[in-house]
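Chains, contacts and geometry: an overview
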Amino acid sequence: MAQKGVQLDRESFSCSICLDLLKDPVTVSCGHSFCMGCIQTYWDKEDEKKIYSCPQCRQTFTPRPVLMKNTMLAVLVEELKKSGLQAAPGDPSDAGPEDVVCDFCSGRKLKAVKSCLQCLVSYCQIHLQPHFESPSFKKHKLVEPSKKLQENICSRHDEVMKLFCRTDQQSICHLCPVDQHKGHDTVSAAAERSEWQKDLEESRENIQQRIQDREEDVKLLQQEVEAINGSADKAVKHSQEIFSQLIRVLEKRRSDVEQQVRSQQEREVSRVKELQEKLEQEITELKRKDADLLKLSLTEDHNQFLHSYPSLSGPGQPADSSRINIRPLRYFEEVTAAVSELRDKLQDLLTETWTNVSQAVTDVDVLLSEPEPEPKTRAGFLRYSQRITLDPNTAHRELLLSDGNRRATGTGQPQSYPKHPDRFTDYRQVLSRESLTGRCYWEVELRGKDVDVAVAYKSISRAGNSEDCLFGFSDKSWRLERYKDRYKFRHNKVHTRVSGPLSPRVGVYLDHRAGILSFYSVSETMTLLHRVQTTFTEPLHAGLFLFWCNGDSAEFIEVK
């Protein structure tokens, strides 16, 4: 608080022209005080007018006042100087390099707080006061401090430019229409500003709308990021579970093979060892008999030899003198070969199916690239031709499917279709078996007066007579109606009249990713009947609607 009081004292004894402490202070008759040099310089500029004014209150004097030094103020200022109350360094009101400088400050420059469009001068807070206090300044236009005030001066006439030349699209002063801009369309700058202000407001509205749209796009993209991350995490988790299951299956099979091999190994080894023991016993017995025969052969007693030999030799040959029959040495090599074959088949299967897995990953593409242009000729459309067949499980019972399920005919006789949850129960409608994504084109031959072409999501309602089941009456289907001599397009209960040449054949073009669905009248030429630009959230299915059961039909043509 003490510092604030000192600051007020210093300002009380400062010159309102140079803003420093008074030097040789003088006081004019209106009561305001200035430095002798500052007020003399200020009045020197008014010598031509012979009217002199106070820089602070704008009171005028005639003739030029004779100034005398105010000795009391001079003493007080000297006392203030001795007490160290000089200008505070780094005062926030001082003008910096980037600030607009007060044009009135002659000593220490303060930054301007306002600029006057009439005076074409910028003022600090102190020098601005007369604009608030003197009635002569009431009509002056004050704006934020500007360094471009001199741009409001006409370089030709040195006058303030208050007019605008619409012919040359530039600001001019009131003298310009007399010579350089004579005969031009001129208005006041304020009037032209008013017109441009309207454009500015429209531009701002457009920009604000774009900002709002972009902010919504940013939110949408953030949602897509979250959806991508969630979907990727889910896919990775499921893939890990599936591969873990495959690993467990392989581990189980590996264990089974090992167990079977070991069991067979044990059985075969047991058989071989059993035979081995039997043979070893036979060898022992044969060796013993051979020893007895050797001993008998060495006896010299002929009677003893003849008595003993028959019992040692026995009748005939030994019971089993055949050799052991061993298979070629393969053992379990066939098992190894079988497992190797299984490995090769699994590798082939993985190689074959891995392409599908990899393609499914790379097909993930959230952001739409610039859509390819729609074809201009029938030949161009035929590049995307799609073979369409009808799904009997969706056909109403009074629709007869024929020609390889490509034609639907309205009959009064219920067909013997089995009960199915996908079947339309109350409207003579049918959907295609094929799920349509990407870019597709197909053509339908219409025979009858009230046969319609449609596309719909598989999730469209089927049972009952609710309008949600009827093509074109919900947000899940789009329908081109042909009745007698006119076309009509219908979606989500909103119908639109469509003009175009009647033709028994209608072409349908779909760019699912770009959200484009177009219907064409096909004859010798192709005429666009109606185009939809939207966002498809599910795969589409082609559809047919037949109002009558009098033999009217529609057929998907195989175009090439």
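Keep in mind that this is a model prediction, so the values were computed, not measured.

According to the stated counting rule, one finds 14 aromatic pairs in the structure shown. Judged by centre distance (5.3 Å) and plane angle (80°), the rings of W478 and F536 are edge-to-face. Of this pair, W478 sits in strand β16 (residues 477-483) while F536 sits in the loop between β21 (526-533) and β22 (540-546); the two residues are 58 residues apart in sequence, bridging distant segments of the chain. Taking the relative accessible area as the measure of exposure, F536 reaches 8% and is therefore buried. Look at F489 and F519: their rings are 6.0 Å apart centre to centre, the planes differ by 55°, and that puts the pair in the tilted class. Taken together, the residues span a long stretch of sequence, with F489 in strand β17 (residues 486-491) and F519 in strand β20 (residues 516-522) at a distance of 30 residues. Per residue, the accessibility class of F489 equals that of F519, and both read buried. Each residue in the set F381, Y384, Y441, Y509 and Y520 is aromatic and connected to the rest through ring pairs, giving one cluster. Positioned above the aromatic ring of F424, the side-chain terminus of R462 is 5.2 Å from the ring centre.

Now for the nonpolar core. Among the nonpolar cores identified, the biggest contains 36 residues, and W442, V444, W478, L517, F519, L544 and F556 are the most heavily contacted of them. Sequence-distant contacts of L517, that is, excluding residues within four places in its chain, are made with V455, W478, V508, Y509, L510, H530, R531, V532 and F536. Membership of the second largest hydrophobic core comes to 31 residues, among which are V28, F34, Y42 and F61.

The element strand β15 (residues 451-457) is largely enclosed, with a buried count of seven among its seven residues. Going residue by residue along β15, you find V451, V453, V455 and Y457 tucked away on one face and D452, A454 and A456 tucked away on the opposite face as well. Across seven bridges, the pairing between β15 and β22 is antiparallel. Paired with A454 across the two strands is G543, which belongs to β22. As defined by bridge partners, β15 adjoins β16 across four bridges and the pair is classed as antiparallel. The residue of β16 that forms the bridge with V453 is L480.

Strands sit in the order β13-β22-β15-β16-β17-β18 across an open sheet of six strands; the sheet is antiparallel. Each end of this open sheet is capped by a strand with a single partner; those strands are β13 (429-431) and β18 (494-498). Across the sheet, the mean angle from the axis of one strand to that of its neighbour is 20°, orientation sign disregarded.

Calculation criteria
- Residues numbered from 1 in each chain as written.
- Predicted model: local features only at pLDDT ≥ 70, side-chain atom pairs only at ≥ 80, totals over all residues.
- Heavy atoms only, no water.
- Phe/Tyr/Trp six-rings, centres within 6.5 Å; stacked < 30°, edge-to-face > 60°.
- Helix = DSSP H or I, 4+ residues; strand = E, 2+ residues; numbered from the N terminus.
- Buried < 20%, exposed > 50% of the residue type's maximum accessible area, 1.4 Å probe, protein only.
- Lys NZ or Arg CZ within 6 Å of the ring centre and 35° of its normal.
- Core = buried A, V, L, I, M, F, W, Y, C linked by side-chain atoms within 4.5 Å.
- Contact = heavy atoms within 4.5 Å.
- Pairing = 2+ DSSP bridges.
- Axes fitted to C-alpha atoms, helices over the stretch in contact; angles between N-to-C directions.

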